[in-house]
Amino acid sequence: MLDLAFIREHPDAVRAALLHRNENPGRVDHILAQDARRRELLQEVEELRAERNRVSKEIPQLKDQAAREQRIAQMRQVGDRIAELEEQLRQVEAELEKAMLDMPNLPHPSVPVGPDETHNIVVREWGKLPEFNFEPVPHWELGPELGIIDFERGVKIAGSRFYVLRGAGARLQRALISWMLDVHTREHGYTEVYPPFIVKEECMWQAGQLPRLAENIYHDVEDDVWFIGTAEIPLTGLHHDEILDAEELPLRYVAYTACFRREKMSAGRDVRGIKRGHQFDKVEMYKITTPEDSYAELEAMVEDALDICRRLGVPHRLVQICTGDLGFHSSKTYDIEMWAPGCGEWLEVSSLSNCEAFQARRANIRYRPEPGAKPRFVHTLNGSGLALPRVMIAVLENYQQADGSIVVPEVLRDWMGGLEVIRGASG
RNA sequence: GGAGGGAUGGCCGAGUGGAUGAUGGCGACGGUCUUGAAAACCGUUGUGGCCGGAAGGUCACCGAGGGUUCGAAUCCCUCUCCCUCCGCCA
């Protein structure tokens, strides 16, 4: 959510930001109109409430019965008028809140302006694209061949976009999760968190998943609970309604979770392989910082994700997202992509964003700069560190051998029981 | 799933229709005293909205949402969460 006072004071800046995001700038005017109406009603209703409070204090002091009855009758009328105005106020506030919750975040000035993903900027690349003395094979062939990915049975159990990992495949994923968590906790200063994978609807609003992403979220209607599409959701809820001490900041969390997505908007796309499933695993980094520190912390988080890529020895690149491709809740986002030689494409393995106070306002997460000072909203940041199935793809396809086996990256071997080469499910 | 009990400020805990946010204690902060500290004593100590340059004014908030009333922490209804016991269970 944006700061209403900021919209009031800088409507042109907000309109410009909306244009850069391919959104209708007219919603600013709708919000300003609702806000003006709200304040008008609020003033009127509060004057009446003040009068009622005052007279209600006088009534028990009145000895004269007739005067007393007269005041009560007057206040009954005032009460009716208050009720009318309150109803109008409720409607205006509901409309205003709805409009505010549907406003995307403002892009940071450093974000390149552009209409869509073709205007994203490749900031830097690492590693040479591998050359093979054979034709590299996509993972959807490598996996079944080795008996470590079973697409047919995944579909049999759960339907399309599901798969089963098996043997060394399942273990490789578990090794990646454990290794990445260990690197982030031991070397990058994050605290490991294991959150719920299912949350209340309010968490979805707080993280900015609702209202826009409703179509893409699994929702259990019977208990009215929502399945998380990313650990960012429960991690945003973690400090909901809290006032943190300045000394606690920055908070740096890392969480492994499964993630669930309906992929309604991607119907028919990326249907081969494990790139885009309804369920996938992810290690997520999350930070809560002061407004002053958030951009330095974003750069540090990007480095933490790049460190994982580097150690895995997989070619990768850093991409800066332009305004037209920026997520609803983000002020600034970098993506990290790994090269997958088998399917011949760059795979998004991480998306790292500074949401500034956007989520903090929705979730009411504040901190006190110093004892006695007024609380301020924190900034929240999130970034994958990294998303599993795509890292699996990159590892399988980059480390494949002519005979169809996979060399286990050295950094993972301690987490794979010393296994050096995956030759089949039994490994 | 069944039965019962709860939810008040940073924490504990009073308060069942009308006084400066809503006793009191703890904690925290400031001060007096002291070489320093402790103790003692005194004081301060929630969040947000609106109006205002400011001083200040005003409203709301006692788990959430409705209702009754001139007036609700207090009475009524619905919901959520927590606790205890029983049942089931990884």
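Just so we're clear, the structure is a prediction, and the values are computed from it rather than from any experiment. Throughout this description, residue numbers start from 1 for each chain and increase along the sequence as written. Starting at A for chains and at 1 for ligands, labels are handed out in the order in which the entities are written. Whole-chain, interface and lining totals are the exception, using all residues; otherwise, since this is a predicted model, local features are given only for residues with pLDDT of at least 70 and side-chain atom pairs are given and counted only at 80 or more. Each side-chain value is worked out from all heavy atoms of the structure, with water and hydrogens disregarded.

Q: Please give an account of the domain arrangement of chain A that cites residues and values.
A: An automatic or database domain assignment supplies the residue ranges for each domain. Domain annotation for chain A reports domain 1 (4-101) and domain 2 (117-422). When each unit is reduced to the centre of its C-alpha atoms, the spacing between domain 1 and domain 2 is 43 Å. Working rule for contacts: check all heavy atoms of both residues, and any pair within 4.5 Å makes them a contact. Of the residues lining the interface, seven residues belong to domain 1; the matching set on domain 2 comes to ten residues. Joining two parts hides part of their accessible area as seen by a 1.4 Å probe, and the buried area is that hidden amount summed over both. Note on domain 1 versus domain 2: buried area summed over both sides is about 640 Å², and carbon and sulfur give 38% of it. Area buried by domain 1 at its contact with domain 2 is led by H20, R21 and L101, which between them contribute 78% of it. Salt bridges are defined by distance alone: a side-chain nitrogen of Lys or Arg within 4 Å of a carboxyl oxygen of Asp or Glu. Put simply, domain 1 and domain 2 have one salt bridge between them. N or O atoms closer than or at 3.5 Å make up a polar contact, with two conditions inside protein: a donor-capable atom paired with an acceptor-capable one, and, for residues adjacent in sequence, both atoms drawn from side chains. Counting every contact that joins domain 1 to domain 2 gives seven residue pairs in polar contact (both at pLDDT 80 or more). Residues are grouped as follows: nonpolar covers Ala, Val, Leu, Ile, Met, Phe, Trp, Tyr, Cys and Pro; charged covers Asp, Glu, Lys and Arg; every other residue, Gly included, is treated as polar. Of the residues in the side of domain 1 that touches domain 2, the class split is two nonpolar, two polar and three charged.

Q: An account of the layout of surface pockets is requested, with residue identities and associated values reported.
A: Here a cavity denotes grid points, spaced 1 Å and computed from the protein atoms alone, that fit a 1.4 Å probe unable to get out, and a pocket denotes an open set having protein on both sides within 12 Å along at least 5 of 7 lines; residues with an atom within 4 Å of a point are the lining. Grid points are joined across faces, edges and corners, and a volume is the space filled by probe spheres set on the points. Reported here for the largest pocket is a volume of approximately 1600 Å³. Forming the walls of the largest pocket are 48 residues, and the residues nearest its centre are R261, R276, G327, E348 and S351. The way it works is that DSSP assigns letters per residue, a run of H or I at least four long becomes a helix, a run of E at least two long becomes a strand, and they are numbered from the N terminus. For the lining of the largest pocket, the secondary structure elements donating two or more residues are β10 (279-289), β12 (332-340), β13 (345-354), β16 (379-387) and α12 (388-398). For the lining of the largest pocket, the leading source of residues is β13, giving six residues. Approximately 310 Å³ is the volume attributed to the second largest pocket. Around the second largest pocket, the lining comprises 18 residues; the ones closest to its centre are F6, N105, L106, E356 and R361. Every element with two or more residues in the lining of the second largest pocket is listed here: α1 (4-9) and α11 (358-363).

Q: A description of the sheet that holds strand β14 (residues 366-368) should follow, citing residues and the corresponding values.
A: The pairing criterion is simple: DSSP has to find at least two bridges between the two strands. Strand order in the open sheet formed by three strands is β8-β14-β15, with mixed pairing between adjacent strands. Each edge of the sheet is formed by a strand with only one pairing partner; in this case those strands are β8 (243-245) and β15 (376-377). Summarising the sheet, β14 and β15 pair through two bridges and their orientation is antiparallel. By the bridge assignment for β15, Y367 is matched with R376.

Q: Got a sec to walk through the protein's contact with RNA strand B? Specific residues and values, please.
A: In the neighbourhood of RNA strand B, 19 residues make up the surrounding shell, with R38, R39, E46, R76 and R366 lying closest. When the atoms of RNA strand B within 4 Å of the protein are grouped by moiety, sugar and phosphate amount to 80% of the total. Take S56: an N or O atom from its main chain is 3.0 Å from a base nitrogen of RNA strand B. The separation between a sugar or linking oxygen of RNA strand B and a polar main-chain atom of I72 is 3.5 Å. Counting only elements with at least two residues in the surface near RNA strand B, the list comes to α3 (27-58), α4 (65-101) and β14. At ten residues, α3 tops the list of elements feeding residues into the surface near RNA strand B. Throughout this document, a residue counts as near a molecule or strand when at least one of its heavy atoms sits within 4 Å of that molecule or strand.

Q: Could you give an account of the nonpolar core, with specific residues and numbers?
A: Nonpolar cores are built from buried Ala, Val, Leu, Ile, Met, Phe, Trp, Tyr and Cys residues. Side-chain atoms within 4.5 Å join them into one set. The classification of residues rests on relative accessible area computed with a 1.4 Å probe and restricted to protein chains. Under 20% of the type maximum is buried, over 50% is exposed, and intermediate values are partly exposed. Membership of the largest hydrophobic core comes to 57 residues, with the highest contact counts inside it found for L172, L176, L312, M338, L352, L386 and I422. One finds I7, V28, M103 and C355 within the second-largest nonpolar core, a separate group that totals 16 residues.

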